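Structural overview for review
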Amino acid sequence: MPNVTLDRPSFDYNPSVELVRPYQSFWFRFEGRGPITVQVNGAIAGLKQGHPLEVRLFRGNNMLGNPFITPLPWDDQHVRVRHYKVKKRRFLFWRKGVVESIEELPLSAAIKEGWLRDKIALWNPNSESYLYVDDNVGQSVPPMQGFFLYANRDNLTLLLKP
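Throughout what follows, the structure given in this document is the object of discussion. Numbering of residues begins from 1 in every chain and follows the order in which that chain's sequence is written. In view of the model being predicted, local features appear only for residues whose pLDDT reaches at least 70, and side-chain atom pairs are presented and counted only at 80 or more, with totals across whole chains, interfaces and linings using the full set of residues. Working from all heavy atoms in the structure, the side-chain values ignore hydrogens and water.

Side note on the overall build of the protein chain
Scanning the protein chain from terminus to terminus reveals 1 helix and 13 strands. Listing the helices and strands of the protein chain from first to last along the sequence gives β-β-β-β-β-β-β-β-α-β-β-β-β-β. Within the protein chain, the proportion of its 162 residues that are buried is 29%. Restricting the contact set of the protein chain to residue pairs at least 6 apart, pairs at least 24 apart contribute 62%. Of the roughly 11500 Å² of accessible surface on the protein chain, a fraction of 51% belongs to carbon and sulfur atoms. Counting from the N terminus, the helices are the DSSP runs of H or I reaching at least four residues and the strands are the DSSP runs of E reaching at least two. The buried label goes to any residue with under 20% of its type's maximum accessible area, the exposed label to any with over 50%, and the partly exposed label to all in between, with areas taken from a 1.4 Å probe on protein chains only. Contacts: residue pairs with any heavy atoms within 4.5 Å of one another. Each accessible area is a Shrake-Rupley result for a 1.4 Å probe, and residues are judged covered by the shown protein chains and nothing else.

Shown next, in the form of structure tokens:
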């Protein structure tokens, strides 16, 4: 079995992994060249009827993936972004974050507001390089494909509809 690394806050390197939680990012590192097939057993992403998949984002690069069995169009109809405005309060020695307001915007408006960078990076195995995808230009993230998205701030949630 190849080595697997999970995208956790501690960035641990794990020689073997028995469980990958739903929507958790992971990557493989293979020595050598040539095609390789990885088989993963498990359930396909499911959503409650009419509800989007909510993915928390952190400031900086976020490693994400399309968990659906269909392409995910990278446009305003399928991607929205929610921002939680949090006010820090002190109670004795503890700091506590309190949500003051919530704002939700379509993808293009979130980019214009500076919440996100305007491109996502998809790995292209043919060219062995990243392909940069703009929003609202008819491009999609292929099923089960990973990608990087840069968030310019914390307290964001990506809302995805297949």
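Having seen it, we continue.
Observations concerning a nonpolar patch on the surface
Together, Trp-123, Tyr-130 and Tyr-132 give the surface a local cluster of nonpolar side chains, amounting to about 350 Å² of exposed area. On the secondary structure map, Tyr-132 appears in strand E10 (residues 129-134). For patch detection, residues must exceed 30% relative accessible area and be free of salt bridges, and they are connected within 9 Å for like charges or within 5 Å for nonpolar side chains (Val, Leu, Ile, Met, Phe, Trp, Tyr). Salt bridge, as used here, is a side-chain nitrogen of Lys or Arg placed within 4 Å of a carboxyl oxygen of Asp or Glu.

Some thoughts on the pattern of salt bridges
For the coordinates displayed, the defined rule picks out 5 salt bridges. For Arg-80, the salt bridge goes to Glu-104, with nearest N and O atoms at 2.9 Å. Remark: Glu-104 occurs in strand E8 (residues 94-106) and Arg-80 occurs in strand E7 (residues 79-91); sequence separation between them is 24 residues. Judged by its relative accessible area of 30%, Arg-80 is partly exposed. For Glu-104, a relative accessible area of 34% gives the class partly exposed. Two residues, Asp-118 and Lys-119, come together in a salt bridge whose shortest N-O distance is 3.9 Å. Ionic contacts of the salt-bridge type, sharing partners, join the residues Glu-54, Arg-80, Arg-82 and Glu-104 into one network.

Focus on the sheet that holds strand E12 (residues 146-151)
The sheet built from 4 strands is open, its strands ordered E5-E12-E9-E10 with antiparallel pairing. Edge positions in the open sheet fall to strand E5 (60-65) and E10, since each of these has one partner strand only. Across this sheet, the average inter-strand angle for adjacent strands is 30 degrees, counted without regard to direction. Bridging between strand E9 (residues 116-124) and E12 involves 4 bridges; their strand directions are antiparallel. Bridged to Ala-121 within E12 is Phe-148. In short, DSSP must find at least two bridges between two strands for them to pair. Every angle, taken between N-to-C directions, lies between 0 and 180 degrees, and every axis is a line fitted to C-alpha atoms, over only the stretch in contact when it is a helix.

Some words on the packing of aromatic side chains
Only the six-membered ring of Trp is used, alongside the rings of Phe and Tyr, when aromatic pairs are assigned; centres must lie within 6.5 Å, and planes under 30 degrees apart are stacked while those over 60 apart are edge-to-face, with the rest tilted. In this structure the tally under the stated criterion is 3 aromatic pairs. Here Trp-74 and Phe-147 contribute two aromatic rings whose centre-to-centre distance is 5.5 Å and whose plane-to-plane angle is 70 degrees, an arrangement assigned as edge-to-face. Residue Trp-74 is found in the loop between strand E6 (72-73) and E7, and its partner Phe-147 is found in strand E12; the two are separated by 73 residues along the sequence. Measuring from centroid to centroid gives 5.9 Å for Tyr-130 and Phe-148, while their planes differ by 70 degrees, and the two rings are edge-to-face. On the criterion of sequence distance, the pair formed by Tyr-130 in strand E10 and Phe-148 in strand E12 is long-range, its members being 18 residues apart. Look at Tyr-130 and you get partly exposed, because its relative accessible area is 39%. Among the residues examined, Phe-148 registers a relative accessible area of 29% and is labelled partly exposed. Cluster of aromatic residues (ring-pair linked, three or more members): Trp-123, Tyr-130 and Phe-148.

Concerning the environment of Asn-66
As for its position among the elements, Asn-66 is in the loop between E5 and E6. Relative accessible area serves as the criterion here: at 1%, Asn-66 is assigned to the buried category. On a C-alpha basis, the gap between Asn-66 and Ser-140 in space is 9.6 Å, while along the polypeptide they are 74 residues apart. Beyond its immediate stretch of four places on either side in the chain, Asn-66 contacts Pro-71, Leu-72, Val-141, Pro-142, Pro-143, Met-144, Gln-145 and Phe-147. The term polar contact refers here to a pair of N or O atoms within 3.5 Å; inside protein, the definition further demands a hydrogen-donor-capable atom paired with an acceptor-capable atom, and it admits residues adjacent in sequence only when both atoms are side-chain atoms. Polar contacts involving the side chain of Asn-66 include one to the main-chain amide nitrogen of Phe-68, which spans 2.9 Å. For Asn-66, the side chain forms a polar contact with the main-chain oxygen of Thr-70, separated by 3.0 Å.

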